[in-house]
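# Structure assessment
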Amino acid sequence: MFPEDMLLSHLGPSVLLLLPLLLPSTSAFFPNIWSLLAAPGSITHQDLTEEAALNVTLQLFLEQPPPGRPPLHLENFLGRTLLADDLFTAYFGPGAPSRRFRAALGEVSRANAAQDFLPTSRNDPDLHFDAERLKQGRTRMVGALRETLAAARALDHTLARQRLGAALHALQDFYSHSNWVELGKQQPHPHLFWPRQELQSLAQVSDPTCFDCEELSCPRNLMGSTLLTSGYFGALPSKPAGKCSHGGHFDQSSSQPPRGGINKDSTAPGFSPHHMLHLQAANLALLASIQAFNLLRSRLGDKGFSRLLDITLTSGLSFVLDTTGSMGEEINAAKIQARHIMEQRRGSPMEPTHYILVPFHDPGFGPVFTTSDPDVFWKQLNEIHALGGGDEPEMCLSALELALLHTPPLSDIFVFTDASPKDVFLTNRVESLTQERHCRVTFLVTEDPSRVHGRTRREILSPLRFEPYKAVALASGGEVIFTEDQYIQDVAAIVGDSLADLVTVPLQPPIVEPGRPLVFSVDGLLQKVRVRIHGEVSSFCIRNPAGVSQGHEEGQGLLGHTRRFGQFWIVTMNDPPQTGIWEIQVTAEGTPQVRVQAQTSLDFLFHFGIPMEDGPHPGLYPLTQPVAGLHTQLLVEVIGLSSRSSSGGPLPQFSHLVLRRVPEGTELGRLPLESTGPRERGFLSASLPPTLLSTLGRFSLELTGQDGVGQRLYRAAPQSCTVAPVLLEVRCQGIMGWLERERIAALLTRLSLQLSGPSGSLAPGNKAALTLHIASFSGPQDMELSTSVNPSFTLTSNLSRVHLEQNESTWGRLWLEIPDSAAPDSVVMVTVTATGGETNPVSLTHAFLRLLVLGPEPQDQLAAPPHSPHSFLSTTSPASHPSTLVALDRAGRGLADNFWWGTVGGVLLLLVLAF
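The name given to the protein in an unreviewed UniProt entry is von Willebrand factor A domain-containing protein 7 isoform X3, and the organism recorded there is Erinaceus europaeus.

This is the structure in structure tokens:
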């Protein structure tokens, strides 16, 4: 049983805290799950962030019963580990995918962990509550929360999650790096969120705080003062006499008297001299993180908070529309589909949470229109008409880039046009942006590329003029569908299908080859399988594992129902489909496109990273793509495992990662997947050696394994990947006052390009200086660098061309001017592009930086504690409420002795002390 003095005393009315077990194999701490290699049994920033978000999400679900479904009951969640899949299944129904929610949590968690890796933040004491800079730390943390609110209200939730991750990192570090726990505090600090509340009893420079400690473990090195302090780290700022160090092997200051340290980052004495208090610090950090999430919920409202964490089953609705005079039918088709979606899904869990519209013609494009209100979107869409223009080509890719900058990740974007792109030079940048945003782009083109009559043209156009669309579709996992005006309304029905969060079933081979069937596997977790075929097809035949066949004839067949719209076929297979190996044989002119999609609760997310093992906070530095010359890890997060395990059956298991060349489908490598943590959490990893990455061009990722009954499983990532020859990173740094510049340079030599500036946000009328650093790890590189910014603010650079040998780097400087007319609380996107110079003008890689233009600080925002019922956890004493000690065992299988419960204001409160 936990000591009685660990009972927490800050539970207020209408607040539910269900803090599940923080699993023993999970590391304020250390950055992410990869850190557990250095300190097993520790609790990570990733754990704290995700557990806090899950608790507040459960609270929201309990207070807002789902439409058409029975309300959730607290007792159904007692005595078990809280998992996102279980929450979504309970709230939305069996099979409800938590993919978007878990992806949003991943964005927040990676931004949190990155604070320990980025050279612009890792050694800044203000961002970690180090060096007794507690007032400054609170200012920076509250500033990041303000930026989170501003970005969320501007509907840029990617930037909001990045700033939220930074704020949570600092908040959690307060409890690990200060002596708050050692002072005997049993609840979070009551004034950290409120800058108008004075921080009391702070140690001054002249106040000694620590005794000397020559051991790794220093349980009694604090002097017993009641003053609040925190440890010094490294060489800057220098540690005054008598002050505490952070401590650990990599802290230079800990070798200077008084030796030792006070950090509670992990359970390992070599990293954390106060390791024995790690769990108490983690408990308070978790509660404080829940306070932060509840505070954001109170400020944004339930809908705004749900959009921040993508607590939804569906993507946004994003249209890019050609508005030239020949586009009347296409615009009407887009309107019909949008209206149908809004009417059918209004008020349901499948209602889109974002609506984006970008018109284009020639020579103009935009402006972008974004809203979360379907009626406002419909009004704007209804005002779009086909007017003027009429000649080809058009500014399609410029409009698509604008849509990508404003569309939430994991969304589908639909482009309606009958013209080829004029702005072909944007092709590579748009490809890269689709992968950075994880958005799928589908082009609906009412134009035959071989046709020479129709639109007015300034010149004779090549049959290859639509290749840029095909390149973007290939990179994003989308399609280019050529059709005719008379069929566009029927073909556009795929818009509604795509919002159902379908997975693409891998085909082998992925492209049609004469005389060779396409093969795909159906497992018991797939349903509502659909086959789409388009091109100059004369016939096709689909065969199931039992040998039953169905041809291309329209109507109901033995295997499913076939519809045809010109050269576009959709075959909806009967449910449930037979499991096993299916075949599709296609006879056609040219190369038709075939796609198999299905609904499933079993899917996966992934990201890349570089192991960082040579510093005080070991972990995995996140990357958007692998980099040539760097040993890279692939981290996989399997979605849908816990909902399968709750049914009592064995868990599906993925065992291998398969890399295939795109578009040919040739197998490039097959690597084992290793489980990281408990199986129900679904974390897997694979090591990608530099020798493998050096041979890759564009490649796809597939997971293979078995379901619970031994049936083969195949899942494919929705987008292909590329290997960058150099690592381009765009970052905005904090103030450099205490940063160790030598260590920054050393890390940048490993991690290549950095863009950094005075803060994470900007103000109208200011000029921001950005620092550019670029390095090569795989061999000589001749590169030309170009920059762009959206909106079109003035951006200048002193570095445009560079030659680098292997492991060589260089620096540059950029200046971004924010005009007085800049809209407050608006987002600025800076893009850096590296091309191969005159001999190889193809873009090598891109980097993107999102910045926020902050308006005047609202008087009611984070100025004083709010009074909303669910906005902030009050400091009500538990002694005034009935309470009973019970228990929860360490595996989460039943009741044990580590949670406190009671009733406050008629609401049952549960606090699982997760140790």
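Looking only at helices and strands, the protein has 16 helices and 37 strands in total. Relative to its 915 residues, the protein shows a buried fraction of 62%. Of the roughly 33,100 Å² that the protein leaves accessible, carbon and sulfur atoms contribute 52%.

Covalently bonding the sulfur atom of one cysteine to the sulfur atom of another cysteine gives a disulfide. Evaluation of the coordinates by the stated rule reveals 2 disulfides. The disulfide partner of Cys210 is Cys244, and the S-S distance across this bridge is 1.9 Å. Sign of the S-S torsion, about 95° for the bond between Cys210 and Cys244, identifies this disulfide as right-handed. Of this pair, Cys210 sits in the loop between α5 (157-177) and α6 (278-308) while Cys244 sits in the loop between α5 and α6, and the two are 34 residues apart along the sequence. Exposure class is identical for Cys210 and Cys244. Each is buried. Taken in sequence order, the bonded cysteines of the protein link in the pattern 1-4, 2-3.

The next thing to look at is the pattern of salt bridges. Oppositely charged side chains may form a pair once their charged atoms are brought near each other. Counted by the stated rule, this structure contains 32 salt bridges. The salt bridge partner of Glu107 is Arg161, with a shortest N-O separation of 2.7 Å. Within this pair, whereas Glu107 is found in helix α3 (residues 99-114), its partner Arg161 is found in helix α5, the two being separated by 54 residues in sequence. Look at Arg161 and you get buried, because its relative accessible area is 3%.

Side chains of nonpolar character tend, in soluble globular proteins, to be buried together. If you look at the biggest cluster of nonpolar residues, it comprises 67 residues, and the most contacted ones within it are Phe61, Met141, Leu171, Tyr175, Phe293, Phe305 and Leu309. Listing elements by their share of this core, those giving two or more residues are α1 (45-63), α2 (84-92), α3, α4 (134-153), α5 and α6. Looking at which element gives the most residues to this core, the answer is α6, with 14 residues. Among all residues touching Met141, those that are not within four sequence positions of it are Phe129, Ala167, Ala170, Leu171, Leu192 and Phe193. Of all hydrophobic cores here, the second largest spans 40 residues; its members include Phe608, Met612, Ala686 and Ala717.

With that settled, the discussion passes to helix α10 (residues 427-437). A large share of α10 lies buried, amounting to 9 of its 11 residues. Of the positions making up α10, those classed as buried are Thr427, Arg429, Val430, Glu431, Ser432, Leu433, Thr434, Gln435 and Arg437. His438 lies just past α10 and shows a positive phi near 55°.

The element strand β28 (residues 767-775) is largely enclosed, with a buried count of 7 among its 9 residues. Here β28 runs beside strand β32 (residues 809-817); their pairing, made up of 9 bridges, is antiparallel. Paired with His773 across the bridge in β32 is Trp811.

This next bit is on the sheet that holds strand β25 (residues 712-716). Taken in spatial order, the 4 strands of this open sheet run β21-β20-β24-β25, and their pairing is antiparallel. Either end of the sheet is taken by a strand with one partner, and the two such strands are β21 (667-672) and β25. For this sheet, the mean inter-axis angle between neighbouring strands, taken without regard to orientation, is 25°.

Spatial strand order, β3-β2-β1-β5-β6-β8: 6 strands in an open sheet with mixed pairing. A single partner strand is all that each edge strand has here, and the edge strands are β3 (369-371) and β8 (479-482). Averaged over all pairs of adjacent strands, the angle between their axes in this sheet comes to 15°, without regard to strand direction. Both strand β6 (residues 440-445) and β8 contribute to a ladder of 4 bridges, which runs parallel. Bridge pairing links Thr442 to Glu479 in β8.

Quick look at the packing of aromatic side chains now. Each aromatic ring pair is specified by the distance between its two centres and by the angle formed by the two planes. Following the criterion strictly, the structure yields 23 aromatic pairs and no others. Seen in terms of ring centroids, Phe61 and Phe92 are 5.9 Å apart; in terms of plane orientation they differ by 80°. Their pairing is edge-to-face. Residue Phe61 is located in helix α1, and its partner Phe92 is located in helix α2; the two are separated by 31 residues in the primary sequence. In this structure, Phe61 and Phe92 share a single accessibility class: buried. A centroid spacing of 6.0 Å and a plane angle of 25° characterise the contact between Phe520 and Trp582, whose relative ring orientation is stacked. Of this pair, Phe520 sits in strand β10 (residues 518-522) while Trp582 is found in strand β16 (residues 580-599), placing the two residues 62 residues apart along the sequence. For the pair Phe520 and Trp582, a shared accessibility class is recorded, and that class is buried. One aromatic cluster is present, formed by Phe61, Phe88, Tyr91, Phe92 and Phe101 through successive ring pairs. Positioned above the aromatic ring of Trp180 is the side chain of Lys185, whose terminal nitrogen or guanidinium carbon lies 5.2 Å from the ring centre.

For an α-helix, 3.6 residues make a turn, and residues three or four places apart therefore share a direction. Extensive coverage of helix α9 (residues 396-406) is indicated by the burial of 10 of its 11 residues. Where α9 is concerned, the buried positions are Cys396, Leu397, Ser398, Ala399, Leu400, Glu401, Leu402, Ala403, Leu404 and Leu405.

So, about the side chain of Thr562. Relative to the helices and strands, Thr562 is located in strand β14 (residues 560-565). By relative accessible area, Thr562 is classed as buried at 1%. A polar side-chain atom of Thr562 sits 3.1 Å from a polar atom in the side chain of Gln550. Ignoring any residue separated from it by four or fewer positions in sequence, one finds Thr562 in contact with Phe540, Gln550, Gly551, His552, Glu553, Glu554, Gly555, Trp569, Ile570 and Val571.

What follows is about the environment of Thr312. Relative to the assigned elements, Thr312 resides in the loop between α6 and β1 (317-322). For Thr312, a relative accessible area of 5% puts it in the buried group. For the pair formed by Thr312 and Arg99, sequence separation is 213 residues and the distance between their alpha carbons is 9.1 Å. Once residues lying within four places of it in the same chain are set aside, the contact partners of Thr312 are Phe88, Pro97, Arg100, Pro349, Glu351 and Thr353. In this structure the side chain of Thr312 is engaged in a polar contact, spanning 3.3 Å, whose partner is the backbone nitrogen of Thr314.

What follows is about the packing of α10 against helix α11 (residues 467-476). Where α10 contacts α11, the axes come no closer than 8 Å and their chain directions differ by 20°. Considered as vectors, α10 and α11 are oriented roughly parallel to each other. The hand of the α10/α11 crossing is right-handed. Between α10, through Thr427, Val430, Glu431, Thr434 and Gln435, and α11, the contact on the second element is made entirely by Pro468, Ala471, Val472, Ala475 and Ser476.

Let's shift gears to the packing of α4 against α6. Relative orientation of the contacting elements α4 and α6 amounts to 25°, with a least axis distance of 11 Å. With respect to each other, α4 and α6 are oriented roughly parallel. α4 and α6 meet at a crossing whose hand is right-handed. Residues Thr148, Leu149, Ala152 and Arg153 of α4 lie in contact with α6, whose contacting residues are Leu296, Arg299 and Leu300. A class-by-class count of the residues in the contact of α4 with α6 yields 4 nonpolar, 1 polar and 2 charged.

Here the focus is unusual backbone geometry. With an omega dihedral of -10°, the bond running from Asp575 to Pro576 counts as a cis peptide bond. Along the chain, Pro576 falls in the loop between β15 (568-573) and β16. That bond from Asn790 to Pro791 is cis: its omega, 0°, falls within 30 degrees of zero. Locating Pro791 in the fold gives a position in the loop between β29 (781-790) and β30 (794-797). Positive phi outside glycine occurs at Lys528, with the angle close to 50°. Note that Lys528 resides in strand β11 (residues 527-543). Under the relative-accessibility criterion, Lys528 is labelled partly exposed at 40%. A positive phi angle, close to 60°, is found at Asn807, a residue other than glycine. Within the secondary structure, Asn807 sits in the loop between β31 (801-804) and β32.

Conventions we followed
- Residues numbered from 1 in each chain as written.
- Predicted model: local features only at pLDDT ≥ 70, side-chain atom pairs only at ≥ 80, totals over all residues.
- Heavy atoms only, no water.
- Helix = DSSP H or I, 4+ residues; strand = E, 2+ residues; numbered from the N terminus.
- Buried < 20%, exposed > 50% of the residue type's maximum accessible area, 1.4 Å probe, protein only.
- Areas by Shrake-Rupley, 256 points an atom, 1.4 Å probe, with all protein chains shown as cover.
- Disulfide = S-S within 2.5 Å.
- Salt bridge = Lys/Arg side-chain N within 4 Å of Asp/Glu carboxyl O.
- Core = buried A, V, L, I, M, F, W, Y, C linked by side-chain atoms within 4.5 Å.
- Contact = heavy atoms within 4.5 Å.
- Pairing = 2+ DSSP bridges.
- Axes fitted to C-alpha atoms, helices over the stretch in contact; angles between N-to-C directions.
- Phe/Tyr/Trp six-rings, centres within 6.5 Å; stacked < 30°, edge-to-face > 60°.
- Lys NZ or Arg CZ within 6 Å of the ring centre and 35° of its normal.
- Polar contact = N/O pair within 3.5 Å; in protein donor to acceptor, adjacent residues only side chain to side chain.
- Parallel < 35°, antiparallel > 145°, perpendicular 65-115°, else oblique.
- Left-handed = near helix turned anticlockwise from the far one by under 90°.
- Nonpolar A, V, L, I, M, F, W, Y, C, P; charged D, E, K, R; others polar.

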